[in-house]
Amino acid sequence: MQDSRTVPVPRPAETGGGIALPQFAGQTLRSQDRALAAAPAHVRVGRRMIDSHGRTIRDLRISITDRCNFRCVYCMEPDVRFAPPETLLTVDEIVRVASIAESLGVRKVRLTGGEPTLHPRLTDIIAGLDVATDVEVALITNASLLSRDALGAWKSAGLARLTISIDSLRPERFARLTRSSSSPVQVLKRVEMSLDEGLSPVKLNAVLIRGFNDDEAVELAALARTFGVEMRFIEYMPLDSAHAWDSSKWVSAAETRAAIERVFPLTACDDDEPSSTARTFRFADLPNDSSARVGFIAPVSTPFCGACSRLRITADGKVRPCLFSTTEWDLRSPLRAGATDQELANFLIDATWTKQPGHGITSHGFVQPERPMSAIGG
Ligand code: SAM
């Protein structure tokens, strides 16, 4: 990893309202302490984002806001503090960065957050990407703000894919888990609405936490059959702002799959992209061409870092080569200091070169990143 130094966490009063500092009090933040080193000349010349382990970036995840209207227990604490608006990338900056990333080989951009539908100019961002690039535009959301009008506008603007998070089908549990007033019935209506509006594919995501919602694997998997979509189970990762993750709380993909298979036998699909985060299965009792599938995203039990094709940019313009990076690279400063497209492209190439070989969640000495998932963008 790139060198970094530890600096004392500023007290909240000194920060002017930075990202999620209170819950990190007493810990240390790492900050970049020297300029990003240039990648080798042949890498820069190649105009591709390739890391020093030979992986190529094709997928860019851009967080467009760190704000969220949910406070999911595995992600964000109620007292989270948000980045000041002026620190967030503007619509033009987001589109420009995506366009430069496309010129370096990116084929898909996922807009995330926080809750990206809280962004007042989400339609402009999608439309900007559509005009400036040929990338496939995807959005991940908790669905709380979806409406037919919004979905229609995003689709017309160029949105292709949609992922909706739903972690429980039990109203009281859903409320406790998301610490919101939304309900599973509302989310399911919006799944139906999204399909009606022609978004394709629509996928569903769930995180199971032992003793909280891990008894719902079968019911959640059944949503795939109801809606003809892919229901994906993501292993709970140590990216919660409460730092409450421990090895007793995550539920492995194997365990979840076994629970589902006791009711719905599954057959492995053989068409997963090597760089895909999910290993997908179809229901053995449904026709082979059924769109109902179950996917397992298993970063804890079966890390897929070796085939990773992703790079993340946070809402405040930091490049994170890995979800678990403890060093991030400040793209916003050169962006706002008049850097040319060529200079920004070099910056992305150089930052990618530093991508760590793996996240090391289960290795001795693993350090959880200071930013929770909500401030990184999932
Ligand atoms: N607000 C949107 C949503 O609810 O989908 C987008 C942002 S959210 C951070 C993106 C994804 O990250 C969600 O599917 C969520 O379940 C997942 N996520 C958040 N914290 C996680 C954690 N600690 N482990 C695994 N997945 C997590």
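Residues numbered from 1 in each chain as written. Predicted model: local features only at pLDDT ≥ 70, side-chain atom pairs only at ≥ 80, totals over all residues. Heavy atoms only, no water.

**Student:** Could you give an account of the overall build of the protein chain, with specific residues and numbers?
**Tutor:** Scanning the protein chain from terminus to terminus reveals twelve helices and 14 strands. Judged by the C-alpha coordinates and their principal axes, the protein chain covers about 55 × 45 × 40 Å. Counting all 378 residues of the protein chain, 57% fall into the buried class. Contacts spanning at least 24 positions in sequence make up 75% of the contacts within the protein chain whose residues lie at least 6 apart. Accessible area of the protein chain: about 15,400 Å², with a carbon and sulfur share of 52%. (Helix = DSSP H or I, 4+ residues; strand = E, 2+ residues; numbered from the N terminus. Buried < 20%, exposed > 50% of the residue type's maximum accessible area, 1.4 Å probe, protein only. Contact = heavy atoms within 4.5 Å. Areas by Shrake-Rupley, 256 points an atom, 1.4 Å probe, with all protein chains shown as cover.)

**Student:** Describe in detail unusual backbone geometry, supporting the description with residues and values.
**Tutor:** The step from glycine 113 to glycine 114 runs through a cis peptide bond, and the omega angle for that step is 25°. Here serine 200 and proline 201 are connected by a cis peptide whose omega angle stands at -5°. Mapping proline 201 onto the fold places it in the loop between helix H7 (184-196) and strand S7 (202-208). A positive phi is found at alanine 143, a non-glycine position, where the angle reads about 75°. Tracing the chain through its elements places alanine 143 in the loop between strand S5 (136-141) and helix H5 (148-157).

**Student:** I'd like to hear about the environment of leucine 151, residue by residue, with values.
**Tutor:** Tracing the backbone shows leucine 151 in helix H5. For leucine 151, a relative accessible area of 0% puts it in the buried group. Between the C-alpha atom of leucine 151 and that of leucine 199, which follows or precedes it by 48 residues, the distance is 8.4 Å. Ignoring any residue separated from it by four or fewer positions in sequence, one finds leucine 151 in contact with Leu146, Leu162, Met193, Ser194, Glu197 and Leu199.

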